[in-house]
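Residue strings, one per chain:
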Amino acid sequence: MVEENKRGSFGSNIGFLLSAIGSAVGLGNIWGFPYKMGKSGGFTFLLVYLALAVFVGFAIMLGELALGRKTGYGPVNAYKAITQKKGFRWIGWLAIVAPFLIMTFYSVLGGYCIYYIAINLIGLCTGTMPDSSSFGAMLTNPWLSIGIMVLFMVICFLINLGGVDGGIEKFNKIGMPALFVMLVIIIVRAWTLPHASEGLKFMFVPGYAVKGGFIEEAPGVMSVLATAGGQMFFSLSLAMGAMITYGSYLDKGENLPKNSVIIVIADTIVAIMAGLAVIPAAVANGIAKGIPVGDIKLGGPSLLFATLQDVFHDMGAIGGIFGTIFYILVLIAAISSAISLIEAVSVTFIDRASAKGHETNRAKVLAIVCLVITVLACLVAADGLGSNGIAPKDIFHIDSKADWCADWLDFMDTWSEGIAMPLGAMLMSIMIGWQIKPKALYDEIGSGYKGKALGFWSFCIKFICPIVMFFVLLVQVSSFFGLGWF
Ligand code: PFF
């Protein structure tokens with residue numbers, strides 16, 4: 001089962017596609033996209049998001065897959081192999097730091113999913129459904145949070161240990177279709193709740209978030225653009241080495257432009273579907289209880305683990321079934337993303353060792369990577385979203401509401417999603433567009449493809465991507481550090 005001293009590969013294109021879609025479809029789709037869409041302009045946001053996905057997301061996705069497949073390496077070695085300039089080589093390391101930091105909180109959230117599956121199952125059996133108070137109780141119990149995080153990491157470790165085709169591909173081949181079916185079940189249930197249409201209006205009607213009282217003030221154009229850009233990057237798993245890594249495992253004969261388009265479309269569809277499931281349910285339940293709409297939590301961990309748990313609680317005994325299905329769905333999404341992050345970090349060390357002619361043991365590398373992530377994740381778990389007095393703002397006595405010091409999850413998120421990701425993507429597009437030049441990857445992109453996407457891709461990677469990413473970086477720095485530039 002354990003592959004020693006050799007890189008793995010996907011067994012089929014559909015296996016690759018489901019794995020790449022699995023990497024993209026994650027917590028970002030379920031709690032990030034619908035909320036940001038509603039808050040930032042509804043349908044207008046969707047159009048901006050789609051435009052960015054076409055001109056930037058697709059271009060970077062294709063660039064990463066091509067980079068990985070051409071060099072046959074994960075991020076660090078791929079950059080080294082493709083660029084002669086020392087100044088660009090270190091970008092690969094950004095694509096290692098970012099997934100590593102993301103995993104320190106993704107694993108904690110994955111652990112929460114496991115716990116919520118358990119309490120919904122218990123509620124189903126005993127007839128006493130837990131409500132949103134279980135969230136606070138879990139957050140303030142550091143040992144519980146650490147225990148479930150460790151369990152999540154062990155599951156991911158075992159899947160990665162199975163290898164690329166035997167573990168990652170196998171999991172996604174079953175997990176992704178299952179996730180889709182479960183999502184449809186939850187959508188049907190959510191839409192049949194009274195007041196569900198208010199949630200749909202929040203998501204789709206331009207400006208309804210303000211008109212309907214969900215938020216006080218409409219965000220500015222700049223902030224909408226940056227929110228859409230940041231969300232798109234995180235959601236498509238870009239600039240984290242994941243797609244470079246998966247590209248390096250893909251057969252030379254497969255069509256990269258077509259695969260990139262499918263991944264972008266599938267991820268966006270699942271994000272919208274997730275919104276159709278969670279937002280109407282959360283809004284309907286809040287209104288039914290007389291909660292002012294502005295006070296209903298529609299984003300972040302509290303949407304998933306507090307607001308929605310109340311929805312399942314209020315359904316009575318049957319809520320246990322929907323609750324269990326829902327949290328299994330979220331757990332699959334979290335695992336399929338986490339295993340790509342772990343793979344992106346681990347493959348670097350496997351590649352480096354084999355490039356130097358050293359013996360590498362995949363199991364050993366995976367174990368060490370997972371262990372280091374787990375140790376750091378203990379801090380995030382014990383912090384309980386700032387509930388337990390060990391958040392950066394408490395330790396360093398900072399009197400600020402800025403995200404980076406609010407709690408350890410936000411701290412890790414700031415440096416990974418906020419800084420490393422847009423910076424890495426901007427530098428990568430500059431490197432491909434201006435240093436090695438898009439033509440260097442034409443062969444790779446063209447293999448198995450005879451269409452006209454190459455010109456479009458070069459234009460995007462040279463001009464549009466660096467400008468948009470620079471802008472996203474500025475706005476993210478401003479918002480994560482509370483600088484108020486925009
Ligand atoms: N795309 C994942 C999500 O939407 O939750 C997060 C993610 C996974 C980001 C893998 C980056 C990555 F490499």
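Since the structure is predicted, the reported quantities are computational estimates derived from the model, not experimental observations.

About the cut-offs
- Residues numbered from 1 in each chain as written.
- Predicted model: local features only at pLDDT ≥ 70, side-chain atom pairs only at ≥ 80, totals over all residues.
- Heavy atoms only, no water.
- Near = heavy atom within 4 Å.
- Polar contact = N/O pair within 3.5 Å; in protein donor to acceptor, adjacent residues only side chain to side chain.
- Areas by Shrake-Rupley, 256 points an atom, 1.4 Å probe, with all protein chains shown as cover.
- Helix = DSSP H or I, 4+ residues; strand = E, 2+ residues; numbered from the N terminus.
- Nonpolar A, V, L, I, M, F, W, Y, C, P; charged D, E, K, R; others polar.
- 1 Å grid on protein atoms, 1.4 Å probe; cavity = no way out; pocket = protein on both sides within 12 Å on 5 of 7 lines; lining within 4 Å.
- Points joined across faces, edges and corners; volume = space filled by probe spheres on them.
- pLDDT = per-residue confidence, 0-100.
- Contact = heavy atoms within 4.5 Å.
- Core = buried A, V, L, I, M, F, W, Y, C linked by side-chain atoms within 4.5 Å.
- Buried < 20%, exposed > 50% of the residue type's maximum accessible area, 1.4 Å probe, protein only.
- Salt bridge = Lys/Arg side-chain N within 4 Å of Asp/Glu carboxyl O.
- Axes fitted to C-alpha atoms, helices over the stretch in contact; angles between N-to-C directions.
- Parallel < 35°, antiparallel > 145°, perpendicular 65-115°, else oblique.

### What about the site of the ligand?
- Taken together, 15 residues lie near the ligand, and Ala24, Leu27, Gly28, Tyr106 and Phe234 sit nearest.
- At a separation of 3.2 Å, a nitrogen atom of the ligand approaches a polar backbone atom of Ser23.
- Between a nitrogen atom of the ligand and a main-chain N or O atom of Ala24, the distance comes to 2.9 Å.
- Expressed as a share of its isolated accessible area of 340 Å², the protein-covered part of the ligand is 100%.
- For the shell around the ligand, the secondary structure elements donating two or more residues are helix 1 (13–24), helix 2 (27–39), helix 12 (221–235) and helix 16 (319–355).
- The residue makeup of the shell around the ligand, split by class, is seven nonpolar, eight polar and no charged.

### Quick look at empty space enclosed by the protein
- Under the defined criterion, the tally for this structure stands at four cavities of 30 Å³ or more.
- Within this model, the largest cavity holds a volume of roughly 140 Å³.
- For the largest cavity, the lining is made up of 17 residues, of which Ser23, Phe234, Ser237, Ser337 and Leu341 are closest to its centre.
- Elements with a minimum of two residues in the lining of the largest cavity: helix 1, helix 2, helix 6 (91–126), helix 12 and helix 16.
- Within the lining of the largest cavity, the residues separate by chemical class into nine nonpolar, eight polar and no charged.
- In this structure, the second largest cavity spans a volume of roughly 80 Å³.
- In terms of lining, the second largest cavity is formed by Ile186, Arg189, Ala190, Leu193, Ala277, Val278, Ala281, Leu308, Val311, Phe312, Met315 and Phe326.

### Digging into the confidence of the model for the protein chain
- Residues at a pLDDT of 70 or more form 98% of the protein chain, whose mean pLDDT is 92.
- Throughout residues 1–5 the model reports pLDDT below 50, and contacts reaching past four residues in sequence, or to other chains, amount to 14 contacts.

### Topic: the nonpolar core
- By size, the foremost hydrophobic cluster in this structure holds 175 residues, and its most contacted members are Phe233, Leu308 and Phe326.
- It is helix 6 that provides the largest number of residues to this core, a total of 19 residues.
- Once residues lying within four places of it in the same chain are set aside, the contact partners of Leu308 are Val278, Ala281, Ala282, Leu303, Phe326 and Tyr327.

### Considering the layout of surface pockets
- The calculated volume of the largest pocket comes to roughly 1,500 Å³.
- As for the largest pocket, its lining consists of 49 residues, and the residues nearest its centre are Tyr35, Lys36, Lys39, Asp403 and Ser479.
- The set of elements that each furnish at least two residues to the lining of the largest pocket consists of helix 2, helix 7 (133–139), helix 12, helix 15 (300–314), helix 20 (408–435) and helix 22 (453–480).
- Among the elements that line the lining of the largest pocket, the one with the most residues is helix 12, at seven residues.
- Residue composition of the lining of the largest pocket, grouped by class: 21 nonpolar, 18 polar and 10 charged.

### Let's talk about the pattern of salt bridges
- With the rule as written, the count across this model stands at nine salt bridges.
- Salt-bridge contacts for Asp310 lead to Lys289; the nearest nitrogen and oxygen are separated by 3.5 Å. Of this pair, Asp310 sits in helix 15 while Lys289 sits in the loop between helix 14 (256–288) and helix 15; the two residues are 21 residues apart in sequence, bridging distant segments of the chain.
- The partly exposed category is assigned to Lys289, whose relative accessible area is 41%.
- Of the charged contacts in the structure, one is a salt bridge between Asp314 and Lys289, with a shortest N-O distance of 3.4 Å. With Asp314 in helix 15 and Lys289 in the loop between helix 14 and helix 15, this residue pair connects regions lying 25 residues apart in the sequence.
- For Asp314, a relative accessible area of 37% puts it in the partly exposed group.

### Some thoughts on the packing of helix 6 against helix 15
- Between helix 6 and helix 15, whose axes approach to 11 Å, the crossing angle comes to 10 degrees. Between helix 6 and helix 15, the angle falls in the class roughly parallel. Contacts from Leu109, Tyr112, Cys113, Tyr116 and Asn120 in helix 6 reach Pro301, Phe305, Gln309 and Phe312 in helix 15.
- Taken together, the residues of the contact of helix 6 with helix 15 break down into seven nonpolar, two polar and no charged.

### A look at the packing of helix 4 (residues 75–82) against helix 6
- Where helix 4 meets helix 6, the closest approach of the two axes is 7 Å, and the angle between their N-to-C directions is 170 degrees. Of the possible angle classes, the one that applies to helix 4 and helix 6 is roughly antiparallel. Each of Pro75, Val76 and Tyr79 in helix 4 lies in contact with helix 6, whose residues at this interface are Ile91, Gly92, Trp93, Ala95 and Ile96.
- For the contact of helix 4 with helix 6, the residue count by class is seven nonpolar, one polar and no charged.

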